[in-house]
Amino acid sequence: MRGFKVSLFLLAFVASVAQPQQNMDYENAYTAYESGKIDESYIFLKRSLGSDPDHLPSKILMGQVLALSSYYEDAKTEFEEALFANADPNLIVESYIRVLMMLKQYPEVLDLTERQLTPKRLGYVRSAKAIASSLLGETENAAKYHELAYEASPQSPIVLNGAANFYL
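Since the structure is predicted, the reported quantities are computational estimates derived from the model, not experimental observations.

Student: What is the right way to look at the packing of aromatic side chains in this model?
Tutor: How two aromatic rings sit relative to each other is set out by the distance from centre to centre and by the angle between their planes. Evaluated as defined, the whole model comprises three aromatic pairs. Ring geometry for Phe166 against Tyr167: centres 5.0 Å apart, planes inclined by 75°, an arrangement best described as edge-to-face. Exposure remark for Phe166: the relative accessible area of 22% places this residue in the partly exposed category.

Here you go:
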């Protein structure tokens, strides 16, 4: 019984030490990212995700880092895993759309959900759907999405510029 208690104590101790280290790796990754040190951020994120593959902040930041490094398929995977794990879509949607557009996956842009989005993000998503529709040759859908984007976020420069470019 004594061995079981010692093992339980050691397990709890290791878990308590591992969590702060993982958070420290994420914090270091974020600091490096904000300083423009993308490669350094990647190294810290690999370590953070190695100790906890489900750490949502690390997954989201990893998606950002991979997208900036032009690893679009890998970035897409990180964003989708974060969304599947119930990450707030408002934190991911803009970067995720840019990745999908770089991969020319316009139908996937059209399939994006609009639930749980702030008006600003909703306008962005609808504007992206308008652009994707236009690139797919679906002019009527593009016009509809531009109108919906404007309804959601009438002050957004992205929405206004997208619509202006479309109608010109």
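Back to the write-up after that little detour.
Student: Looking at this model, I keep getting lost on the layout of surface pockets. Mind explaining?
Tutor: The gaps left among the atoms become clear once a water-sized probe is rolled over them. What the largest pocket holds in volume is close to 270 Å³. If you go around the largest pocket, the residues you meet are Leu83, Phe84, Asn86, Ala87, Pro89, Val93, Tyr96, Leu112, Thr113, Arg115, Gln116 and Leu117. Put simply, the parts of the chain that give the lining of the largest pocket at least two residues each are α4 (72–84) and α5 (93–102). A per-class count over the lining of the largest pocket returns eight nonpolar, three polar and one charged.

Student: Which parts of the structure should I look at to understand the packing of helix α7 (residues 119–135) against helix α8 (residues 139–152)?
Tutor: Two measures define how a pair of helices packs: the angle their axes make with one another and the distance between the axes. The contact between α7 and α8 brings their axes to 8 Å, and the two run at 170°. Between α7 and α8, the angle is such that the two are roughly antiparallel. Counting all contacts with α7, which are made through Pro119, Leu122, Gly123, Arg126, Ser127, Lys129, Ala130, Ser133 and Ser134, the residues of α8 involved are Asn141, Ala142, Tyr145, His146, Leu148, Ala149 and Ala152.

Student: Could you clarify how one ought to interpret the packing of α7 against helix α9 (residues 157–167) in this entry?
Tutor: Running from N to C, α7 and α9 point in directions that differ by 20°, and their axes come no closer than 9 Å. Between α7 and α9, the angle is such that the two are roughly parallel. The two elements α7 and α9 meet at a crossing, and its hand is left-handed. Between α7 and α9, the contacting residues are Gly123, Tyr124, Ser127 and Ser134 on the first element and Ile158, Val159, Gly162 and Phe166 on the second.

Student: Teacher, can you tell me more about α5 here?
Tutor: With eight of 10 residues buried, α5 lies mostly within the body of the structure. When we look at burial in α5, the residues that qualify are Val93, Glu94, Ser95, Tyr96, Ile97, Val99, Leu100 and Met101. Tucked into the core, α5 has its buried residues touching α3 (56–68), α4, α6 (106–110) and α7. Of the residues trailing α5, Lys104 is marked for its positive phi of about 60°.

Student: Looking at this model, I keep getting lost on the pattern of salt bridges. Mind explaining?
Tutor: As a working rule, side chains carrying opposite charge can pair if their charged atoms are close by. Following the criterion strictly, the structure yields eight salt bridges and no others. Among the ionic pairs, Glu94 bridges to Arg121, the shortest N-O distance being 3.4 Å. Of this pair, Glu94 sits in helix α5 while Arg121 sits in helix α7, and the two are 27 residues apart along the sequence. The partly exposed category is assigned to Arg121, whose relative accessible area is 21%. Through salt bridges that share partners, Lys59, Glu78 and Glu81 make up one connected network.

Student: I tried to follow helix α2 (residues 38–51) on my own but got confused; where do I start?
Tutor: Residues spaced three or four apart along an α-helix point in a common direction, a consequence of the helix completing one turn every 3.6 residues. Here α2 spans 20 Å end to end across 14 residues, near enough to the 20 Å set by a 1.5 Å rise per residue. Those residues of α2 that sit buried are Ile38, Ser41, Phe44, Leu45, Ser48 and Leu49. The buried residues of α2 occupy one face: seen down the axis, they fall within an arc of 135°. Pointing more than 90 degrees away from the buried face of α2 are the exposed residues Asp39, Ile43 and Gly50.

Student: Help me understand unusual backbone geometry, please; the structure alone is not making it clear to me.
Tutor: Where the residue is not glycine, phi is negative for most of them; where a peptide bond is considered, it is trans in most cases. Phi is positive for Lys104, which is not a glycine, with a value near 60°. Checked against the element boundaries, Lys104 lands in the loop between α5 and α6. Judged by relative accessible area, Lys104 falls into the exposed class, the value being 60%.

What counts and how
- Residues numbered from 1 in each chain as written.
- Predicted model: local features only at pLDDT ≥ 70, side-chain atom pairs only at ≥ 80, totals over all residues.
- Heavy atoms only, no water.
- Phe/Tyr/Trp six-rings, centres within 6.5 Å; stacked < 30°, edge-to-face > 60°.
- Buried < 20%, exposed > 50% of the residue type's maximum accessible area, 1.4 Å probe, protein only.
- 1 Å grid on protein atoms, 1.4 Å probe; cavity = no way out; pocket = protein on both sides within 12 Å on 5 of 7 lines; lining within 4 Å.
- Points joined across faces, edges and corners; volume = space filled by probe spheres on them.
- Helix = DSSP H or I, 4+ residues; strand = E, 2+ residues; numbered from the N terminus.
- Nonpolar A, V, L, I, M, F, W, Y, C, P; charged D, E, K, R; others polar.
- Axes fitted to C-alpha atoms, helices over the stretch in contact; angles between N-to-C directions.
- Parallel < 35°, antiparallel > 145°, perpendicular 65-115°, else oblique.
- Contact = heavy atoms within 4.5 Å.
- Left-handed = near helix turned anticlockwise from the far one by under 90°.
- Salt bridge = Lys/Arg side-chain N within 4 Å of Asp/Glu carboxyl O.
- Expected span 1.5 Å × (residues − 1).
- Arc of directions from axis to C-beta.

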